[in-house]
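Breakdown of the fold
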Amino acid sequence: MALTGCSTESSSQWARLGLPEAATEEAPLIGNLWIGAWIAAFGVGVLVWGLIIWAVVAYRKRNDDLPRQTRFNMPIEFLYTVTPLVVIAALFYYTVDHQEQIVDTSAEPDLTVNVVGQQWSWTFNYIDEDVHEVGTTTEQPTLYLPVGQTVRFELTSPDVVHSFWVPSFYMKMDVVPGHPNSFQVTPDREGTYAGKCAELCGAYHSSMVFDVEVVSEEEFDEQMDALRDAGQTGLIEVPLRGTYSEDQAGSSQ
Ligand SMILES: [Cu+2]
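Residues numbered from 1 in each chain as written. Predicted model: local features only at pLDDT ≥ 70, side-chain atom pairs only at ≥ 80, totals over all residues.

Some details on the pairing of strand β9 (residues 191–197)
Relative to β9, strand β6 (residues 162–166) runs antiparallel, the two sharing 2 bridges. Looking at the pairing, Trp165 lines up with Lys196 of β9. Sheet analysis places β9 next to strand β10 (residues 209–215), joined by 6 bridges and oriented antiparallel. Pairing of Lys196 across the sheet is with Val209, part of β10. (Pairing = 2+ DSSP bridges. Helix = DSSP H or I, 4+ residues; strand = E, 2+ residues; numbered from the N terminus.)

The structure is reproduced here in structure tokens:
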């Protein structure tokens, strides 16, 4: 069983502490925050475990005398008031600093995709191309993105809160009705990536999976033409409820 953990793929994933291989230019920002937080946590852990073991060994029971009773020790009280504050201040600083960069949308994007989270699938409106794809619970949609181009995701929901998550982008953001959210990424590696909804949003939440295809610019254009040829022009802001199949509707309503 242990040997199954020895493939190159899983050992490199160990080095990233569980994260998949990054697929955007911005992902390392989040990856570094993740690794850094674990290093800090591990440092605190080693210190605390060390002190516990030291205290257990050095002050183990040797006879039946009551140990010396103390009420407080100013230096120790000071240490464990200040140390957590320092740790939290450092984590807070790096979190805010990275977050500012991660959610920065001031740069002009190369393309904009309006991602609609609907119960229980996704709709992708390619704003610049004026085409769309509506997913259903039985037919999961595919989001096409051209490699090396900055895409702005504008997240909207006509019903409940969903969460748009592409694990390989290291990024997820809530899709909130009445409150459009947005973020930008620049995919830098061609490939197929999994996407999902990360907010329990109803009976068929688990059906809210999609594929992300990061492709060359030519292939992206071909896919946009394919949507156009299929008549999927215009933008769908509110996909009709009932994009789930009739069977499922029958058993849930
Ligand atoms: Cu959802």
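Back to the write-up after that little detour.
A word on the sheet that holds strand β4 (residues 142–146)
One open sheet holds the 5 strands; their spatial order is β4-β10-β9-β6-β7, and the pairing between them is mixed. Across the chains shown, the open sheet's two edge strands, defined by having one partner strand only, are β4 and β7 (171–175). The mean angle between the axes of side-by-side strands here comes to 20°, regardless of whether they run parallel or antiparallel. Across 5 bridges, the pairing between β4 and β10 is parallel. Directly across from Leu145, in β10, lies its bridge partner Val214. Of the strands in this sheet, β4 and β10 are in contact with helix α4 (residues 217–229), which crosses β4 at around 140°. (Axes fitted to C-alpha atoms, helices over the stretch in contact; angles between N-to-C directions. Contact = placed C-beta atoms within 7 Å.)

Some remarks on α4
When the terminal C-alpha atoms of α4 are compared, their 18 Å separation across 13 residues agrees well with the 18 Å that a helix rising 1.5 Å per residue should span. Trailing α4 by a residue or two, Gly231 shows a phi angle of about 80°, which is positive. (Expected span 1.5 Å × (residues − 1).)

Focus: the sheet that holds strand β2 (residues 121–126)
In space, the 5 strands of this open sheet follow the order β3-β2-β1-β5-β8, with mixed pairing throughout. The open sheet has two free edges, formed respectively by β3 (131–134) and β8 (181–185), since each of these has just one partner strand. Going from strand to strand, the sheet's axes swing by 20° on average, the running direction of each strand aside. Two strands pair when backbone bridges link them, and β2 and β3 are joined in this way by 4 bridges, in the antiparallel orientation.

Thoughts on the domain arrangement of the protein
Taken domain by domain, the protein consists of domain 1 (21–61 + 71–102) and domain 2 (111–239). Taking only C-alpha atoms, the centre of domain 1 and the centre of domain 2 are 36 Å apart. Facing the 9 residues of domain 1 at the interface are 12 residues of domain 2. (Domains from an automatic or database assignment.)

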